[in-house]
Structure formats: C-alpha cells, structure tokens
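Structure at a glance
Listed here are the chains, written in short residue letters.
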Amino acid sequence: MSDNDNTTPAVLLDQHRGMASQKATEARRHRSEVEADQASLRDSRAELEKFLFAAPATNWTEAAKKALYLLRLFAETTDARDPRIKQLIEDAAADLNGLCGKSAAPEA
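Before going into details, it helps to say that this report is about the structure given with it. (Residues numbered from 1 in each chain as written. Predicted model: local features only at pLDDT ≥ 70, side-chain atom pairs only at ≥ 80, totals over all residues. Heavy atoms only, no water.)

1. Quick notes on the packing of helix α1 (residues 19-52) against helix α2 (residues 60-75)
Taken N-terminus to C-terminus, the directions of α1 and α2 make an angle of 145°; their axes are 11 Å apart at the nearest point. Where α1 crosses over α2, the handedness of that crossing is left-handed. Contacts between α1 and α2 involve R45, L48, E49 and L52 from the former and K66, Y69 and L73 from the latter. Taken together, the residues that form the contact of α1 with α2 break down as four nonpolar, no polar and three charged. (Axes fitted to C-alpha atoms, helices over the stretch in contact; angles between N-to-C directions. Helix = DSSP H or I, 4+ residues; strand = E, 2+ residues; numbered from the N terminus. Left-handed = near helix turned anticlockwise from the far one by under 90°. Contact = heavy atoms within 4.5 Å. Nonpolar A, V, L, I, M, F, W, Y, C, P; charged D, E, K, R; others polar.)

2. Focus on the pattern of salt bridges
Per the counting criterion, the structure on display carries three salt bridges. Where R45 meets E76, a salt bridge forms, and the shortest distance between an N and an O atom there is 3.3 Å. Pair noted here: R45 is in helix α1 and E76 is in the loop between α2 and α3 (83-101), with a separation of 31 residues, a long-range link. (Salt bridge = Lys/Arg side-chain N within 4 Å of Asp/Glu carboxyl O.)

3. Quick look at the side chain of K66
Its place among the elements puts K66 in helix α2. Despite its burial, K66 remains without a salt bridge, the nearest opposite charge being carried by E62 at 5.8 Å. Among residues more than four places away in sequence, those in contact with K66 are L52, F53, A55, P56 and A57. (Buried < 20%, exposed > 50% of the residue type's maximum accessible area, 1.4 Å probe, protein only. Lys, Arg positive; Asp, Glu negative; His and termini not counted.)

This is the structure:
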C-alpha cells in the first residue's frame, strides 16, 4: 500500500529555496510566458499577412490599410527612430486613416 494518501498538503518548493534561486525561477517562468506570447504574435502576423497580401487591393480603402500595415512594420525598425521619420510616419498614417474612413474612393 502507498504512503501517499493525498491528504498531506503539497510542499511548495519555492519556499525552501534561497531568494536568488526564487528570482531565477520566476525569471525563467516569465521568459517562457513572453516567448509563448511572441510565438502567438508571430503566428497572428503571418495569418494577417496571408490575408492582406492574398490579392491586390480592389479599392482605395484596402490599399490604404495595406500601406498602414507596412508603415507600422517600418515604424518598429531602428531606422524609424529619427524624429523626422517618426513625424513623417505619423503624418502619412493620419492621411491613410482619413482615406480609410471615407466611404467613396477619391477622384483622380
């Protein structure tokens, strides 16, 4: 017969470790969570890109949404840290957002 009757409370190992060991364990757990989140974001981005670039835009709104997506990707790069480039990205994004908000395509 087993000595484990499941009525004895579980031992929390973290309480028996030193502070440095507890912090290292917590850091590993946090890193694991972050890596899982990043993997999920990569999967979501790949799915979005597959949808966005499956076919050419059929109107100005679709074209503007694709351009906004590309601007956001560029905004995450180190090249986009320049204040002038940041301002240009913000201005272009505002213009494209305005275009997306219109129901009719602009006349040429």
